[in-house]
Amino acid sequence: MNILVVGAGFAGAVIARELAEDGHKVCVIDQRDHIAGNAYDYTNEHGIRVHKYGPHIFHTSNEQVYEWVTKFGAFGWYYHKVKAQLADGQYVTLPVNKETKLIVGEDNIIDTFYRPYTKKMWGMELEELSDSVTKRIPVRDDDNELYFPDAKYQMMPIKGYTDLFENILNHDNITVHVSTPFHKEMEMQYDHVFNSMAIDVYHDYCYGELPYRSLKFHHTHLPLNKVLPVGTVNFTHDGPNTRITEWKNYPYHGHNNSMTTLTTEEPCDYKDNNYQRFYPVKDINGDNQRIYKKYKDIHKYNTTFIGRCGMYVYIDMHQAINSSLAVVARYRESIK
């Protein structure tokens, strides 16, 4: 088969590699000027590795996903910790543990950590969000400091995510073209298309627009060895930013004793950020999911929509891998 994969992030790269190993010819295109999707990283002028689209920490308990991704690069263990800074400058642990609860008071947890974050992140009040979001608010009764306390595998690629993707896409049956937008005329050249573009855009918004939240990233370089106590600190104030990351606090992210790089994140509507779509909006009434389902139900005989934007769902890296492996399994069955 001749296969087109639209999008060189995890969803597309997994499918491309699996089908290439099956003997199919696979063309991968991406409208961005790089591979690796939102996991793309690079080394800046200070020798510090930066994740262009915010911090990505690989975590999973899925054995199949772990075995798959570690075939393409060396990983080192990294157990992510996140702090939040209170109004008095004090740092406390997130997710909320026993110590954090004692410091801020149990009755103040929602208003301190989640209500201001929700307003900034989603542009909504907490009560306007879907229950599937609010039910995930974790409060622990132990002294756990890990952000992913239940994940069996918590790690970082030693040479970075971009290097990992170069290895995934390095196959004789795969060709990659970046800075290449998708056009529907391309479909006629291929037996099947796996498309990670926004499904409402593909269908020319015929059922309406699917809203997304986006992020603007602001980089700061300081002539200091280290600033933050952990890799990522969440803000509890009413300012526009949700969190800040100090990249050198992650392992394998460079060494520079006289300079550090920090990145703050400012959520916004995707229309205010060059239509960069990051997070599908889960409204409490489910209107957005109903619109998505209409798009999903439009039959396309040679197209499968994949990834966050194609399936209008928020998925982490390990979930994207697992989802794409399942897509490949179904495709293999369909062409037997």
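Let me begin by describing the structure that accompanies this report. (Residues numbered from 1 in each chain as written. Predicted model: local features only at pLDDT ≥ 70, side-chain atom pairs only at ≥ 80, totals over all residues. Heavy atoms only, no water.)

Here we look at the packing of aromatic side chains
The line we're drawing: Here is the rule: rings of Phe, Tyr and Trp (six-membered ring for Trp) pair when centre to centre is within 6.5 Å. Planes less than 30 degrees apart are stacked, more than 60 are edge-to-face, and the remainder are tilted. In our convention, an over-ring charge means Lys NZ or Arg CZ found within 6 Å of a ring centre and within 35 degrees of that ring's normal.
Throughout the structure, instances matching the rule amount to 24 aromatic pairs. Positioned above the aromatic ring of Y53, the side-chain terminus of R32 is 4.1 Å from the ring centre.

Some remarks on the nonpolar core
Keep this limit in mind: By convention a nonpolar core is built from buried Ala, Val, Leu, Ile, Met, Phe, Trp, Tyr and Cys residues, the set being connected through side-chain atoms within 4.5 Å. Note on classification: 1.4 Å probe, protein chains only; a residue is buried when its accessible area is under 20% of the maximum for its type, exposed when over 50%, partly exposed between these limits. Each helix is a run of DSSP H or I of at least 4 residues and each strand a run of E of at least 2, with the numbering of both proceeding from the N terminus. For this analysis, residues touch if any pair of their heavy atoms sits within 4.5 Å.
L4, F10, V26, V69, F194 and I321 are the most contacted members of the largest nonpolar core, which totals 80 residues. Counting residues per element, this core draws most heavily on helix 1 (residues 10–21), which supplies eight residues. Residues contacting V26, with those up to four places away along its chain left out, are I3, V5, A16, L19, A20, N173, I174 and T175.

Observations regarding the layout of surface pockets
Applicable threshold: Grid spacing is 1 Å over the protein atoms alone, the probe is 1.4 Å, and a cavity is where that probe fits but cannot get out, while a pocket is an open set with protein on both sides within 12 Å along at least five of seven lines and lining residues have an atom within 4 Å of a point. Grid points are joined across faces, edges and corners, and a volume is the space filled by probe spheres set on the points.
In this model, the second largest pocket occupies a volume close to 360 Å³. Lining the second largest pocket are 17 residues, and of these K296, T303, T304, F305 and R330 lie nearest its centre. When residues of the lining of the second largest pocket are traced back to their parent elements, those giving at least two are strand 11 (192–195), helix 8 (287–296), strand 17 (303–305), helix 9 (307–311) and helix 10 (317–334). With four residues, helix 10 is the largest single contributor of residues to the lining of the second largest pocket.

Side note on the pairing of strand 12 (residues 212–222)
Rule in force here: Whether two strands pair comes down to DSSP finding at least two bridges between them.
Looking at chain direction, strand 12 and strand 16 (residues 279–280) are connected through two bridges and run antiparallel. Note on strand 16: the bridge partner recorded for Y212 is P280. The sheet contact formed by strand 12 and strand 15 (residues 260–269) spans 10 bridges and is antiparallel. Residue pairing in the sheet places K216 in a bridge with E266 of strand 15.

Observations concerning the side chain of D283
Which entries qualify depends on this criterion: In this count, Lys and Arg are taken as positive residues and Asp and Glu as negative ones, while His and the chain termini are left out. Any carboxyl oxygen of Asp or Glu that lies within 4 Å of a side-chain nitrogen of Lys or Arg is treated as forming a salt bridge with it. Any pair of N or O atoms that falls within 3.5 Å is considered a polar contact. Within protein, one atom must be able to donate a hydrogen and the other to accept it, and sequence-neighbouring residues count only if both atoms are side-chain atoms.
For D283, the position within the fold is in the loop between strand 16 and helix 8. For the buried D283, no salt bridge exists, and the shortest N-O distance to an oppositely charged side chain is 5.6 Å, to R290. Within the structure, D283 has its side chain in polar contact with the backbone nitrogen of G286 (distance 3.0 Å).

Here we look at the packing of helix 1 against helix 10
Keep this limit in mind: Fitting a line to C-alpha atoms yields each axis, with helices limited to the stretch in contact; the angle taken between N-to-C directions then spans 0 to 180 degrees. Our angle categories are set so that under 35 degrees counts as roughly parallel, over 145 as roughly antiparallel, 65 to 115 as roughly perpendicular, and the remainder as oblique. Crossing handedness: left-handed means the near helix sits turned counterclockwise from the far one by under a right angle, and right-handed means the same turn made clockwise. For this classification, the nonpolar set comprises Ala, Val, Leu, Ile, Met, Phe, Trp, Tyr, Cys and Pro, the charged set comprises Asp, Glu, Lys and Arg, and every other residue, Gly included, is treated as polar.
Relative to each other, helix 1 and helix 10 sit at 40 degrees, their axes nearing to 8 Å. Taken together, the axis directions place helix 1 and helix 10 in an arrangement best described as oblique. As for how helix 1 packs across helix 10, the hand of that crossing is right-handed. Only M317, A320, I321, S324, L325, V327, V328, Y331 and R332 of helix 10 make contact with helix 1, whose side of the interface consists of F10, A11, V14, I15, E18 and L19. Of the residues contributing to the contact of helix 1 with helix 10, the split by class is 12 nonpolar, one polar and two charged.

Observations concerning the packing of helix 1 against helix 6 (residues 161–168)
When two helices pack together, their arrangement is given by the angle between their axes and by how far apart the axes lie. Across the interface, helix 1 lies against helix 6 with an axial gap of 10 Å and an inter-helix angle of 30 degrees. Here helix 1 lies roughly parallel to helix 6, going by the angle between them. Of the residues in helix 6, those in contact with F10, A13 and R17 of helix 1 are Y161, L164, F165, N167 and I168. Looking at the contact of helix 1 with helix 6 residue by residue, the classes come out as six nonpolar, one polar and one charged.

Overview of the side chain of N256
Among the secondary structure elements, N256 is positioned in the loop between strand 14 (243–246) and strand 15. Taking the relative accessible area as the measure of exposure, N256 reaches 16% and is therefore buried. Those residues in contact with N256, other than ones at most four positions away along the chain, are H46, N225 and K248.

Comments concerning unusual backbone geometry
Note that the residue after L94, namely P95, is joined by a cis bond; omega there is -5 degrees. Note that P95 resides in the loop between strand 8 (91–94) and helix 3 (98–104). The backbone of A36 sits at a positive phi, close to 85 degrees, despite the residue not being glycine. With respect to the helices and strands, the residue A36 is situated in the loop between strand 2 (25–29) and strand 3 (41–43).

Notes on the sheet that holds strand 9 (residues 153–157)
Pairing is antiparallel across the open sheet formed by three strands, whose spatial order is 5-9-6. Only two strands of the sheet have a single neighbouring strand rather than two, namely strand 5 (58–60) and strand 6 (75–77). If you compare each strand with its neighbour and ignore which way they point, the axes differ by 35 degrees on average.

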